[in-house]
Amino acid sequence: MPNRLAVAPQYLLPKRLLTQLAGKVAELHGGALTHALIRKFVAHYGVDMSEAADPRIESYPSFNEFFTRALRQGARPIADSAFVCPVDAAISQFGPIKHDQIFQAKGHSYSTRALVGGDQSLAHRFDHGHFATLYLAPKDYHRIHMPCDGRLTRMIYVPGDLFSVNPLTARHVPSLFARNERVVCVFDTAYGPFVNVLVGATIVGSVATVWHGVVNPPRTRAMREWRYDRENITLAKGAEMGRFLLGSTVVMLFPKNVVTFVADWSATRPVRLGEPMAAAWSSPPRA
């Protein structure tokens, strides 16, 4: 009960206004003030700046540029595995999709259709498949990479709420990842379709992709969709595909009989970009 009470204020807070204000502050080129904010953040969350391509706090003119900092060369080697972890994060949940239901937390599930914005034909491709939900904490590296080679076919912006996506909220807000604002990225791969959903949250100023740039803002009330069928946007395993301007969560969907997650994966376990995530059930067909 105390945990539920701790989440209750999120239903009342002006989450959109707070997110807009946080975005403005994060974009500000505030000189010494910005650098002081970054130093405080690094100290509070224990950010390891030795992994950054540029570890000097003074080199970042805005908080956003610090938050989306690049890693130094070799900091995250990409494993020789069919599917690699696409982010630095903690495992929220993972496992089989039971028909079309994704497990969120004890007593809470949500549908693939709701997650992808209501497209039943897209959702149906993942019936009885597998999912993985990974939570990026404030201290984590916040660029998102590809778990396998893929060709982009669609991107869908789904408007929604802006609840926090931390583990406490995930345990107590029903259908959290299917009710928050999100960007649904759809790929074709050698193993079939793959969806990576970038979920927004309170104070997540925006989500950006490498092929589009900033997707939100603008924050619209209507869904927006981009089709890439006639373009050849192909990203290799381990390549950057997007980033959060302040942290959040990714939810990945795989079809039936495609992935077998590595044996040492478990909920709450920390993972790092490039680590083995899953083996393939079978080898992809030869070109």
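Located above this text is the structure these notes cover.
How each quantity is defined
- Residues numbered from 1 in each chain as written.
- Predicted model: local features only at pLDDT ≥ 70, side-chain atom pairs only at ≥ 80, totals over all residues.
- Heavy atoms only, no water.
- Helix = DSSP H or I, 4+ residues; strand = E, 2+ residues; numbered from the N terminus.
- Polar contact = N/O pair within 3.5 Å; in protein donor to acceptor, adjacent residues only side chain to side chain.
- Buried < 20%, exposed > 50% of the residue type's maximum accessible area, 1.4 Å probe, protein only.
- Contact = heavy atoms within 4.5 Å.
- Pairing = 2+ DSSP bridges.
- Axes fitted to C-alpha atoms, helices over the stretch in contact; angles between N-to-C directions.
- Expected span 1.5 Å × (residues − 1).
- Arc of directions from axis to C-beta.
- Core = buried A, V, L, I, M, F, W, Y, C linked by side-chain atoms within 4.5 Å.

1. Some remarks on the side chain of Asp-119
The residue Asp-119 is located in the loop between helix H5 (112-115) and helix H6 (120-124) in this model. Side chain to side chain, Asp-119 and Arg-154 meet in a polar contact 2.9 Å long.

2. Focus on the environment of Val-197
By the element assignment, Val-197 lies in strand S9 (residues 192-199). The exposure class of Val-197 is buried, given its relative accessible area of 0%. Residues Val-197 and Cys-185, 12 residues apart in the sequence, show an inter-C-alpha distance of 6.1 Å. Ignoring any residue separated from it by four or fewer positions in sequence, one finds Val-197 in contact with Leu-115, Arg-182, Val-183, Val-184, Thr-249, Val-250 and Val-251.

3. Things to note about the sheet that holds strand S6 (residues 143-145)
Judged by pairing direction, the sheet is antiparallel, and its four strands sit side by side in the order S6-S14-S10-S11 without closing on themselves. Either end of the sheet is taken by a strand with one partner, and the two such strands are S6 and strand S11 (213-216). Shown here is a sheet whose adjacent strand axes are inclined to one another by a mean of 30 degrees, direction ignored. For strand S10 (residues 206-209) and strand S14 (residues 240-245), the ladder comprises four bridges, and the chain directions are antiparallel. Residue pairing across strands places Ser-206 opposite Leu-245, the latter belonging to S14.

4. A short note on helix H3 (residues 32-45)
Between its first and last C-alpha, H3 extends 20 Å over 14 residues, near the 20 Å set by a 1.5 Å rise per residue. Those residues of H3 not exposed but buried are Thr-34, His-35, Ile-38, Phe-41 and Val-42. The arc enclosing the buried residues of H3, seen along the axis, measures out at 120 degrees, which places them on a common side. Facing away from the buried side of H3, by more than 90 degrees, are the exposed residues Ala-32, Leu-33, Lys-40, Ala-43 and His-44.

5. What to know about the nonpolar core
Within the largest apolar cluster, 37 residues are counted, with the highest numbers of intra-cluster contacts made by Leu-134, Phe-187, Trp-211 and Met-241. Contacts of Met-241, omitting those with residues within four sequence positions, involve Ile-144, His-145, Met-146, Cys-185, Phe-187, Asn-196, Leu-198, Ala-208, Thr-209, Val-210, Trp-211 and Leu-235. Counting 22 residues, the second-largest nonpolar core is a separate cluster that includes Val-116, Ala-123, Val-197 and Leu-253.

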